[in-house]
Amino acid sequence: MPGGQRLVRLGVVGGRRGSNFSSALAHLKDRVQLTAVCDPKEEVRDRWRQNQPDLALFGDWHELLRHGVCDALLIATPMQVHAEQAIAAMRAGCDVLSEVPACLNPQEAEELIKTVERTGRLYMMAENYCYRREHMMVQRMIDAGVFGELTYAEGMYLHDCRGLKFEADGALTWRGQLAHEMPRCNYYPTHSLGPIAQWLALGRQDALESVYSLATPGLCMADYVQRRFGERHPGALVDYWRRGDGASCLLRTRKGRVIHLRTDTSSARPHHMHSHELQGTRGCYRTAAVPDEPPLVWLDAISAEANPSCGAEQADVHGGDLRRFEPLWQYADRFEHPRWRQSGDQARAAGHGGGDFFVLEDFVGAVRGEIANPIDIYDAVAWSSISWLSAESARTERAVLAPDYRRGRAGGQGARPRA
Ligand SMILES: NC(=O)c1ccc[n+]([C@@H]2O[C@H](COP(=O)([O-])OP(=O)(O)OC[C@H]3O[C@@H](n4cnc5c(N)ncnc54)[C@H](O)[C@@H]3O)[C@@H](O)[C@H]2O)c1
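Conventions used here
Residues numbered from 1 in each chain as written. Predicted model: local features only at pLDDT ≥ 70, side-chain atom pairs only at ≥ 80, totals over all residues. Axes fitted to C-alpha atoms, helices over the stretch in contact; angles between N-to-C directions. Helix = DSSP H or I, 4+ residues; strand = E, 2+ residues; numbered from the N terminus. Parallel < 35°, antiparallel > 145°, perpendicular 65-115°, else oblique. Contact = placed C-beta atoms within 7 Å. Nonpolar A, V, L, I, M, F, W, Y, C, P; charged D, E, K, R; others polar. Core = buried A, V, L, I, M, F, W, Y, C linked by C-beta atoms within 7 Å. Buried ≥ 20, exposed ≤ 12 C-beta atoms within 10 Å, placed from the backbone. Domains from an automatic or database assignment. Expected span 1.5 Å × (residues − 1). Bend = angle between axes of the 7 residues up to and from the residue. Near = placed C-beta within 6 Å. Pairing = 2+ DSSP bridges. Right-handed = clockwise from strand over helix to strand, strands pointing away.

What to know about the packing of helix α12 (residues 338-350) against helix α13 (residues 355-367)
In the contact formed by α12 and α13, the axes pass within 7 Å of each other and the chain directions differ by 115°. When the axis of α12 is compared with that of α13, the two are roughly perpendicular. Where α12 approaches α13, its residues R339, S343, Q346, A347 and A350 are matched on the opposing element by D356, F357 and F358. When the residues that make up the contact of α12 with α13 are grouped by side-chain class, the tally is four nonpolar, two polar and two charged.

Looking at the nonpolar core
Counting 116 residues, the largest nonpolar core has L112 and V381 as its most contacted members. Looking at this core, the element that brings in the most residues is α13, giving eight residues. In terms of domain composition, this core takes at least three residues from each of domain 1 (8-129) and domain 2 (130-337 + 376-401). Apart from residues no more than four positions distant in its own chain, V381 is found in contact with A102, C103, A109, L112, I113 and Y405.

Some details on α12
Each α-helix turn comprises 3.6 residues. Residues three or four places apart therefore point the same way. Spanning 13 residues, α12 covers 18 Å between terminal C-alpha atoms, matching the ideal 18 Å at 1.5 Å per step. Largest kink in α12: about 75°, centred on G344. Of the residues making up α12, those classed as buried are R339, W340, A347 and A350. Where α12 is buried, its residues contact α1 (22-27), α6 (133-143) and α13. In the segment just after α12, G351 is the residue with positive phi, at about 95°.

Notes on unusual backbone geometry
Of note, the bond from V100 into P101 is cis; its omega dihedral lies within 30 degrees of zero at -10°. Position of P101 relative to the elements: it lies in the loop between β5 (95-98) and α5 (106-119). For H352, which is not glycine, the phi torsion reads 50° and is therefore positive. Along the polypeptide, H352 turns up in the loop between α12 and α13.

Let's talk about α13
Between its first and last C-alpha, α13 extends 18 Å over 13 residues, near the 18 Å set by a 1.5 Å rise per residue. Within α13, 13 of the 13 residues are buried, which leaves the element mostly enclosed by the surrounding structure. Trailing α13 by a residue or two, G369 shows a phi angle of about 80°, which is positive.

Focus: the site of the ligand
In the region of the ligand, 20 residues are neighbours, and G14, R16, R17, M79 and E99 sit closest. Among the residues forming the shell around the ligand, the class breakdown is 10 nonpolar, five polar and five charged.

A word on the sheet that holds strand β10 (residues 258-264)
In spatial order, the strands read β14-β13-β12-β11-β7-β10-β9-β8-β15; together these nine strands make up an open sheet with mixed pairing. Strands at the two margins of the open sheet, each flanked by one partner only, are β14 (326-327) and β15 (400-401). Relative to strand β12 (residues 283-286), strand β11 (residues 272-280) is paired through four bridges, and the arrangement is antiparallel. The residue of β12 that forms the bridge with L278 is Y285.

Details of the domain arrangement of the protein
Its domain assignment divides the protein into domain 1 (8-129) and domain 2 (130-337 + 376-401). On a C-alpha basis, the centres of domain 1 and domain 2 stand 27 Å from each other. Its residues placed into classes, the side of domain 1 that touches domain 2 shows 15 nonpolar, three polar and one charged.

A closer look at the environment of A197
One can find A197 in helix α8 (residues 190-199). For A197, a count of 28 C-beta atoms within 10 Å puts it in the buried group. Distance from A197 to I375, taken between C-alpha atoms, is 11 Å for residues 178 residues apart in sequence.

Regarding the pairing of strand β1 (residues 8-13)
Across the six residues of β1, five count as buried, placing the element largely inside the fold. Bridge count for β1 against strand β2 (residues 32-38) is six bridges, and the pairing is parallel. Bridge pairing links L10 to L34 in β2. Each parallel crossover has a hand, and for β1 linked through α1 to β2 it is right-handed. Of the strand pairs in this sheet, β1 and strand β4 (residues 72-75) are connected by four bridges, and their pairing is parallel. The residue bridging V12 from the neighbouring strand is L74, located in β4.

Digging into the packing of α5 against helix α14 (residues 377-384)
Packing of α5 against α14 brings their axes to within 10 Å, and their N-to-C directions diverge by 175°. If you check the angle between α5 and α14, you find them roughly antiparallel. Here α5 contributes A109, L112, I113 and V116 to the contact with α14, which in turn contributes I377, V381 and S384. Partitioning the contact of α5 with α14 into residue classes produces six nonpolar, one polar and no charged.

Below you can see the structure in the form of structure tokens.
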């Protein structure tokens, strides 16, 4: 597409999560226009109708595709149908912004890749965590070399979603179905891995090599069901929850770096949905233990400069370490990402730590040919693949090799949100 002129006609499939993008759509209205929404639930369509009476509304997504009122689709449906809908949309001539994960198994991954390559349509995964303020700032600090050589990263998604797995009468929602049917695995990896993959340039200068995973049985789920729905509910039995409560994975990269990922959406605890750590030879970034507190950083060269008595040399091996983590935001003057400087207010208003705003802005920019696709199909399937690779590892109790989905193909702009 010749750069920059077209107003992108966007359709939303899955009107609940899709509504989270309303604020971003309003800010980007000179570049993208919402033309259609599809949701099988009448009450969801009614809400959209009340707010935007001119929208084309559909109860069936095939109808929306046939209608031809969209150039691009935001797929925000239950994850069981992401791949099927993305593939059909691209075959119908639409560009796709897909909610996470891109797909749930290797067959869907191959079919998605094939469809992108055959149709030439643009496919971007909406991994909004890559665009959080702290994650983009850490990227700039990495680029400036303040962490030195990167050696280790950690990402945890701890979100107690037990309530979202049931209807009021105890029937399973799509989240509950997945917890019942999937094998033990790290079932929601991309919020944790996405930012790490960009920091470590996975698929570019480095790549995933292997995955080892262990998962806990569904004790929290069964205990919750017993207390909420009683012993007669089938979910009162631990084994009903085949996927277990949560999983931890250790990933090794070709450069020998180690990544620790953990997902748990079933355990009794306050949420911590963006817990990350990054270790380099000259410093460390880490989220605070609780999400309301500021993220932290230690930079050998810079933090110690502010207080010379606190250098690594002064940290004796018997526990007398005077070093203290500093708030990351202390370094905002030097390392704040320019996009956050420019559009931070709009991004914050859009929700999800600003990610929903930048994800949509980048998708629209890529569709209009203004920027390269920052999270393309090869990133999308590689990050999503942790779920089935970890399932295989948990089943066999061995590390499994990670496929190289990119196979040397160029992509986006080095997987980094544009500077
Ligand atoms: N990136 C993020 O921060 C983030 C946050 C929340 C949810 N999500 C993802 O967004 C997706 C939707 O999650 P949610 O919380 O909105 O779920 P939800 O269950 O609250 O809503 C799903 C909506 O999709 C509709 N739907 C179901 N099947 C459909 C179909 N075949 N075609 C069209 N619409 C259909 C349902 O009627 C419902 O309104 C999931 O994949 C989830 O993982 C991502």
